[in-house]
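# A look at the structure
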Amino acid sequence: MAVLARTASAAVTALSLIGLLSYIILHNNKSRSRKAALRKRSSGVAAAIGNTPLIRIDSLSDATGCEILGKAEFLNPGGSVKDRVALKIIQEALECGALSPGGVVTEGSAGSTAISLATVAPAFGCRCHVAIPDDAAIEKSQILEALGATVERVRPVSITHKEHFVNIARRRAQEANELASKYQETSEIGNHFNQLNGSDAVSETKSSNYLPDCKGGFFADQFENLANFRAHYEGTGPEIWEQVGRKLDAFVAAAGTGGTVAGVSRYLKDKDSSTKCFLVDPPGSGLFNKVTRGVMYTREEAEGRRLKNPFDTITEGIGINRLTENFKVAVLDGAFRGSDKEAVEMSRYLLKNDGLFLGSSSAMNCVGAVRVAQQMGPGHTIVTILCDSGMRHLSKFYNAEYLAQYGLTPSASGLEFLGISSGVKEQ
């Protein structure tokens, strides 16, 4: 009996040592993987993100008598301003250990952030899983699938609904973490005792769409994750400040997550408190009222006319009816309301007169820039963001049939849709 007891004790000790050794090896491997991934920030696709040109929009500048400049974010490798956000989110997650190479980055997105995450994630050895509303332009889903991301198209519902695309993305990260935990447990048993029965791991993989060797999930949470704000406070804002020679009269942009307008406005205000910063807001969004009246509501909501979408606009990626952690950090002097008709007309005007093929949010930003110029008068320098190109908006914003359904067929010959007569500068 004494011999058996000693044998059992030795076996327990051996198992404990093996377990401890496994943990140390696994921890060291993860640490080395994270460090190797983070070294990529200064090379490859990560090094190509940011430092975009600030271009003069000639037609708008000449028409208003102001210098209207656009930050050409569509020239980022992933095609939009969201590349900055994706890079910052992934880098910070890797640094703090919330994400490991081989892990899955999940996000709920109307398209651009998802495309940026799907572009950046592989550069750090990660995969991407996206939940996207099914009324977003179909080409965005096609681009995501081409980039290797897993795509779930879901019906648009309120953020309070468990099936909202953001809430689905959050759950997918949790599922990936649960799967990674199960895989780690079964792998350790198999490696040391050669007794692995893989049925549980395999069945879980089939139901979750993740590979059995998944290293966990990380929910990017672009709306509330302040890495979004920091990407623009540390990157976009300083770039603009230097590009204008440290002298700027106004900045204007629309908001979705609020990260861009918050990061840029706060940085510019920190540099020069006299710089005016404005929001331009699409139809149905509550941010205009929040900035101008301090109350988050719209007339449509008060009258109970909202049936399907959280806001009523054909523009994508901008407009929201809640305050995000990112938007709360914005420092704004006022806001303008932009219409779908103005955005559509602006996009065609810029294509015809400047050769700029811009997406819906970029067109809305340019509407905002003209509104600021009209309010401030000639002789001022105004900057806005050219978020992405029109290539992701062919099936809706640049689709004549689609626009006709909503009475949005472009017809303007100049800027008369903004009250500017052809060939006459705004006075």
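The structure we're discussing is the one just above.
Heads up: these notes are all about the structure in this document. Computed from a predicted model, the values in this text were never measured in an experiment.

### Notes on the overall build of the chain
- Across its full length, the chain holds 15 helices and 10 strands.
- For the chain, the exposed area adds up to about 18,800 Å²; of that, 53% sits on carbon and sulfur atoms.

### Quick look at the sheet that holds strand 6 (residues 217-219)
- Across the sheet, four strands lie side by side as 5-4-3-6; this open sheet has parallel pairing. Every interior strand has two partners, whereas the edge strands, strand 5 (150-154) and strand 6, have only one. The mean inter-strand angle of the sheet, taken between neighbouring strand axes irrespective of direction, is 20°.
- Lying over the sheet, helix 5 (residues 112-120) contacts strand 3 (104-108) and strand 4 (127-133), oriented at roughly 170° with respect to strand 4.
- Sheet strands touched by helix 6 (residues 138-146): strand 4 and strand 5. Its angle to strand 5, the strand with the most contacts, is close to 160°.

### Side note on unusual backbone geometry
- Of note in the backbone geometry, Asn51 takes a positive phi value of approximately 55° without being a glycine.
- With respect to the helices and strands, Asn51 occurs in the loop between helix 2 (44-47) and strand 1 (54-56).
- Phi is positive for Asp221, which is not a glycine, with a value near 55°.
- Looking at where Asp221 falls in the secondary structure, it is placed in the loop between strand 6 and helix 9 (227-243).

### Description of the pairing of strand 7 (residues 250-253)
- Alternating positions in strand 7 separate into two faces, Ala250 and Val252 on one and Phe251 and Ala253 on the other, with burial throughout.
- Pairing of strand 7 with strand 8 (residues 276-281), which is carried by four bridges, proceeds in the parallel orientation. Directly across from Val252, in strand 8, lies its bridge partner Phe278.
- Crossover strand 7 to strand 8 through helix 10 (residues 259-271) is right-handed.
- With two bridges connecting them, strand 7 and strand 10 (residues 381-386) associate as parallel partners. Counterpart to Phe251 in the pairing with strand 10 is Val383.

### So, the sheet that holds strand 1
- Read from one edge to the other, the open sheet built from six strands follows the order 1-2-10-7-8-9, with strand pairing classed as mixed. The open sheet has two edge strands with one neighbour each: strand 1 and strand 9 (334-337). Each strand of the sheet is rotated relative to its neighbour by a mean of 30°, with strand direction disregarded.
- Strand direction decides the pairing type here: strand 2 (residues 67-72) and strand 10, joined by six bridges, are parallel. Along strand 10, the bridge assignment pairs Leu69 with Val383.

### Let's talk about the side chain of Thr119
- Mapping Thr119 onto the fold places it in helix 5.
- Those residues within four positions of Thr119 in sequence are excluded, and the remaining contacts are Val45, Gly78 and Leu147.

### A few points about the pattern of salt bridges
- Evaluated as defined, the whole model comprises 20 salt bridges.
- Here Glu239 makes a salt bridge to Arg84, at a shortest N to O gap of 2.8 Å. Residue Glu239 is located in helix 9, and its partner Arg84 is located in helix 4 (residues 82-96); the two are separated by 155 residues in the primary sequence. By the burial criterion, Glu239 is buried, and Arg84 matches it.
- Glu92 is the salt-bridge partner of Arg230, the closest N and O atoms lying 2.8 Å from each other. Within this pair, whereas Arg230 is found in helix 9, its partner Glu92 is found in helix 4, the two being separated by 138 residues in sequence.
- Members of the salt-bridge network, linked through shared partners, are Arg56, Asp58, Asp62 and Glu67.

### A short note on the packing of aromatic side chains
- The tally for this structure, following the rule as stated, stands at six aromatic pairs.
- Between Phe397 and Tyr398 the ring centres are 5.4 Å apart and the planes differ by 85°, which places this aromatic pair in the edge-to-face class. Tyr398 matches Phe397 in its accessibility class, with the two residues each being buried.
- Three or more aromatic residues link up through ring pairs in this structure, and these residues are Phe229, Tyr233 and Tyr267.
- Positioned over the ring face of Phe223 is Arg322, at 4.7 Å from the centre of the ring.
- Taking NZ or CZ as reference, Arg348 lies 5.5 Å from the ring centre of Phe397, over its face.

### Here we look at the packing of helix 4 against helix 5
- It is the contact of helix 4 with helix 5, at a shortest axis distance of 8 Å, that shows an interaxial angle of 55°. Classified by the interaxial angle, the pair formed by helix 4 and helix 5 is oblique. Like other packed secondary-structure pairs, helix 4 and helix 5 cross with a definite hand, here right-handed. Contacts between helix 4 and helix 5 involve Lys82, Asp83, Ala86, Leu87 and Ile90 on the former and, on the latter, Ser112, Thr113, Ser116, Leu117 and Val120.

### Here we look at the packing of helix 9 against helix 10
- Two numbers describe how helix 9 lies on helix 10: the axes approach to 7 Å, and their chain directions differ by 50°. Between helix 9 and helix 10, the crossing angle belongs to the class labelled oblique. Regarding helix 9 and helix 10, the two cross each other, and that crossing is right-handed. Within the contact between the two elements, helix 9 uses Asn228, Phe229, His232, Tyr233, Thr236, Gly237, Pro238, Ile240 and Trp241 and helix 10 uses Gly259, Thr260, Ala262, Gly263, Val264, Arg266, Tyr267, Leu268, Asp270 and Lys271.

### A closer look at helix 14 (residues 360-376)
- The end-to-end C-alpha separation of helix 14 is 25 Å, in line with the 24 Å expected for 17 residues at 1.5 Å each.
- Taken across its 17 residues, helix 14 has 14 buried, putting it largely inside the fold.
- Residue Gly377 follows helix 14 closely and has a positive phi angle near 90°.

### What to know about the pairing of strand 10
- The buried fraction of strand 10 amounts to six of the six residues, a majority that puts the element mostly inside the structure.
- Both faces of strand 10 are covered, namely the face carrying Thr381, Val383 and Ile385 and the face carrying Ile382, Thr384 and Leu386.

Conventions adopted
- Residues numbered from 1 in each chain as written.
- Predicted model: local features only at pLDDT ≥ 70, side-chain atom pairs only at ≥ 80, totals over all residues.
- Heavy atoms only, no water.
- Helix = DSSP H or I, 4+ residues; strand = E, 2+ residues; numbered from the N terminus.
- Areas by Shrake-Rupley, 256 points an atom, 1.4 Å probe, with all protein chains shown as cover.
- Pairing = 2+ DSSP bridges.
- Axes fitted to C-alpha atoms, helices over the stretch in contact; angles between N-to-C directions.
- Contact = heavy atoms within 4.5 Å.
- Buried < 20%, exposed > 50% of the residue type's maximum accessible area, 1.4 Å probe, protein only.
- Right-handed = clockwise from strand over helix to strand, strands pointing away.
- Salt bridge = Lys/Arg side-chain N within 4 Å of Asp/Glu carboxyl O.
- Phe/Tyr/Trp six-rings, centres within 6.5 Å; stacked < 30°, edge-to-face > 60°.
- Lys NZ or Arg CZ within 6 Å of the ring centre and 35° of its normal.
- Parallel < 35°, antiparallel > 145°, perpendicular 65-115°, else oblique.
- Left-handed = near helix turned anticlockwise from the far one by under 90°.
- Expected span 1.5 Å × (residues − 1).

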